[in-house]
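What follows is the residue order along each chain.
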Amino acid sequence: MAIDMDAAFAPAAAAVASGRIPGATLGVVTADGTRHVRVAGLAQKVPAEEPLTRAHWFDLASVSKVVATTTFVLRLADEGRIDLDRPLTDAIPDLRQYDVANAAERRLTFRDCLVHRTFLPAVEPIYTYGDDPDRLRAFVLQREWRHGPPVYSDINFLLLGIAVERITGAGLDALPLGAGLGWGPPPGPAVATERCMWRGRVLKGEVHDENCFALGGRTGHAGLFGTVDGVLDFARGLLDGSGASPAMLHAIRTPVEGHRTAGWEIRFPGWSGGQACSPGTIGHTGFTGTGLWVDFARACAWTLLTNRVHPTRHFDSGIFDLRPATGEAVIRAVAPGVS
């Protein structure tokens with residue numbers, strides 16, 4: 001499939017040229033295996049400049065939720081080891097174990113967490129409660145979480161990651177991933193993220209998310225690193241069915257709660273992938289400036305990987321405009337004539 005990658009990459013190239021983001025990589029893959037990649041800018045600005053290359057590993061941040069955790073959970077469901085509509089306590093019997101009769105956390109199901117239809121908060125500064133990963137995991141399991149309306153929540157996926165570890169008897173880093181994907185530190189050159197005020201250094205090759213770092217660097221909500229080719233390999237496995245069973249594909253493509261499927265989002269007004277993609281397109285973003293979108297109807301997927309938090313998150317990088325603009329440009333490049 002012919003793709004005008006200069007046009008597809010134009011929004012990201014402009015963002016780099018204007019100084020809004022240090023560097024950007026755009027990869028597009030189709031179900032027939034056609035692959036195109038463009039790279040611009042820097043993997044690191046401070047303390048020394050380093051050019052960005054195709055070989056660099058990005059901290060995928062919350063893209064970990066779909067590439068790793070959602071995939072692991074759905075594979076276990078395929079194997080009959082998880083019933084998505086059963087409570088998490090099937091895997092984590094000690095969840096809120098001091099209030100087994102009344103704790104609302106004990107009634108949460110795997111599917112509830114996958115589609116973010118829980119009362120759990122979006123995020124909590126867990127890293128401020130201590131520096132022992134095992135003790136912090138115990139804190140996550142025994143805390144009486146404040147209740148609120150359903151929101152996109154890291155806590156949902158923290159719990160799913162713990163459940164996967166309990167069921168498999170292994171850490172998340174022991175479970176299979178494709179080439180070009182892995183938990184940190186990555187085996188190749190890494191893209192710098194933030195100058196972290198808490199850790200007192202520019203982060204490079206260590207996870208940006210503070211809670212993930214405090215919990216050992218491998219959690220259900222963050223911690224995965226990947227190259228552009230590793231992410232594209234994963235996406236192609238969804239497009240051609242080689243990386244997911246029919247049941248898994250149905251789960252990630254079927255809305256359950258609003259625009260949320262199992263782990264992913266499906267296209268909705270104003271979403272990150274733009275409006276030119278097909279209605280059944282799924283996607284997910286990561287805080288560090290990453291994202292992955294899969295358009296099954298057009299048999300293509302794209303990933304935009306940036307280091308928009310380098311050297312600080314406290315700067316208007318324009319990422320929330322760049323993502324949909326890139327999605328629109330990709331679809332125009334893949335399907336000329338699309339407006």
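Residues numbered from 1 in each chain as written. Predicted model: local features only at pLDDT ≥ 70, side-chain atom pairs only at ≥ 80, totals over all residues. Heavy atoms only, no water.

This part covers the sheet that holds strand E4 (residues 58-59). The strand order E4-E8-E5 describes an open sheet built from 3 strands, whose pairing is antiparallel. Each having just a single partner strand, E4 and strand E5 (181-183) make up the two edges of the open sheet. Pairing analysis gives 3 bridges linking E5 to strand E8 (residues 224-226), with the strands arranged antiparallel. Opposite glycine 182, over in E8, you have phenylalanine 225 as the bridge partner. (Pairing = 2+ DSSP bridges. Helix = DSSP H or I, 4+ residues; strand = E, 2+ residues; numbered from the N terminus.)

The subject of this paragraph is the sheet that holds strand E11 (residues 290-295). One open sheet accounts for 7 strands, arranged E3-E2-E1-E12-E11-E10-E9; its pairing is antiparallel. Looking at strand neighbours, the two that pair on one side only are strand E3 (50-51) and strand E9 (265-266), the edges of this open sheet. Where helix H9 (residues 319-334) meets the sheet, it contacts strand E1 (23-30), strand E10 (282-286), E11 and strand E12 (300-306), and its direction lies at approximately 145 degrees from that of E12. (Contact = heavy atoms within 4.5 Å. Axes fitted to C-alpha atoms, helices over the stretch in contact; angles between N-to-C directions.)

With that out of the way, let us pick up the pairing of E10. Among the 5 residues in E10, 4 count as buried, and that is most of the element. Bridge analysis of E10 against E11 gives 5 bridges, and the strand direction is antiparallel. Residue pairing in the sheet places threonine 285 in a bridge with glycine 291 of E11. In this structure, the hairpin formed by E10 and E11 is closed by a connection of 3 residues, where glycine 289 is found at a positive phi of approximately 115 degrees. (Buried < 20%, exposed > 50% of the residue type's maximum accessible area, 1.4 Å probe, protein only.)

Within soluble globular proteins, side chains that are nonpolar tend to cluster in buried spots. Ranked by size, the top nonpolar core spans 70 residues in total, and within it Leu114 and Leu238 carry the most contacts. A per-element tally of this core places helix H5 (residues 154-168) first, with 8 residues. If we ignore the near neighbours within four places in the chain, the residues touching leucine 238 are Ala244, Leu249, Ile252, Trp264, Val294 and Phe296. Ranked by size, the runner-up nonpolar core spans 27 residues in total, among them Ala8, Ala40, Cys300 and Val330. (Core = buried A, V, L, I, M, F, W, Y, C linked by side-chain atoms within 4.5 Å.)

Okay, the packing of aromatic side chains next. If you walk through the whole model with that rule in mind, you get 5 aromatic pairs. Judged by centre distance (5.7 Å) and plane angle (90 degrees), the ring pair of tryptophan 198 and phenylalanine 213 falls under edge-to-face. Taken together, the positions of tryptophan 198 in the loop between strand E6 (192-196) and strand E7 (201-204) and phenylalanine 213 in helix H6 (residues 210-214) put the pair 15 residues apart, joining distant regions of the chain. According to the relative accessible area criterion, tryptophan 198 is partly exposed, its value standing at 41%. Geometry around tryptophan 145 places arginine 143 over its ring, the cationic atom sitting 5.2 Å from the centre. (Phe/Tyr/Trp six-rings, centres within 6.5 Å; stacked < 30°, edge-to-face > 60°. Lys NZ or Arg CZ within 6 Å of the ring centre and 35° of its normal.)

What the rule picks out here adds up to 25 salt bridges. Arginine 146 is paired through a salt bridge with glutamate 124; the nearest N and O atoms lie 2.6 Å apart. One end of the pair, arginine 146, is in the loop between helix H4 (133-142) and H5; the other, glutamate 124, is in the loop between helix H3 (110-114) and H4, with 22 residues separating them in the sequence. A residue is classified by how much of its surface remains accessible, and arginine 146, at 49% relative accessible area, is partly exposed. (Salt bridge = Lys/Arg side-chain N within 4 Å of Asp/Glu carboxyl O.)

A separate point is the side chain of threonine 69. Structurally, threonine 69 is set in helix H2 (residues 64-78). Using a relative accessible area of 1% as the deciding quantity, one classes threonine 69 as buried. In this view, threonine 69 contacts Ser64, Phe157, Leu160, Gly161, Thr219 and Gly220; residues no more than four positions away in its chain are not counted.

On to unusual backbone geometry, then. With an omega of -5 degrees, the peptide bond running from glycine 184 to proline 185 counts as cis. Residue position: proline 185 is located in the loop between E5 and E6. In this structure, the amide linkage connecting histidine 310 to the following residue, proline 311, adopts the cis form with an omega of 0 degrees. In this model, arginine 96 sits at a positive phi of 45 degrees, which is unusual for a non-glycine residue. Classification of arginine 96 by relative accessible area gives buried; the value is 9%. The phi dihedral of histidine 116 falls on the positive side, at around 60 degrees, and the residue is not glycine. Its location among the elements puts histidine 116 in the loop between H3 and H4.

Turning our attention to helix H7 (residues 228-239). Over its 12 residues, H7 runs 16 Å from end to end, which matches the ideal 16 Å to within 8%, given 1.5 Å per residue. The element H7 is largely enclosed, with a buried count of 9 among its 12 residues. Within H7, burial applies to Val228, Gly230, Val231, Leu232, Phe234, Ala235, Gly237, Leu238 and Leu239. Following H7 by one or two positions, glycine 241 adopts a phi angle in the positive range, close to 80 degrees. (Expected span 1.5 Å × (residues − 1).)

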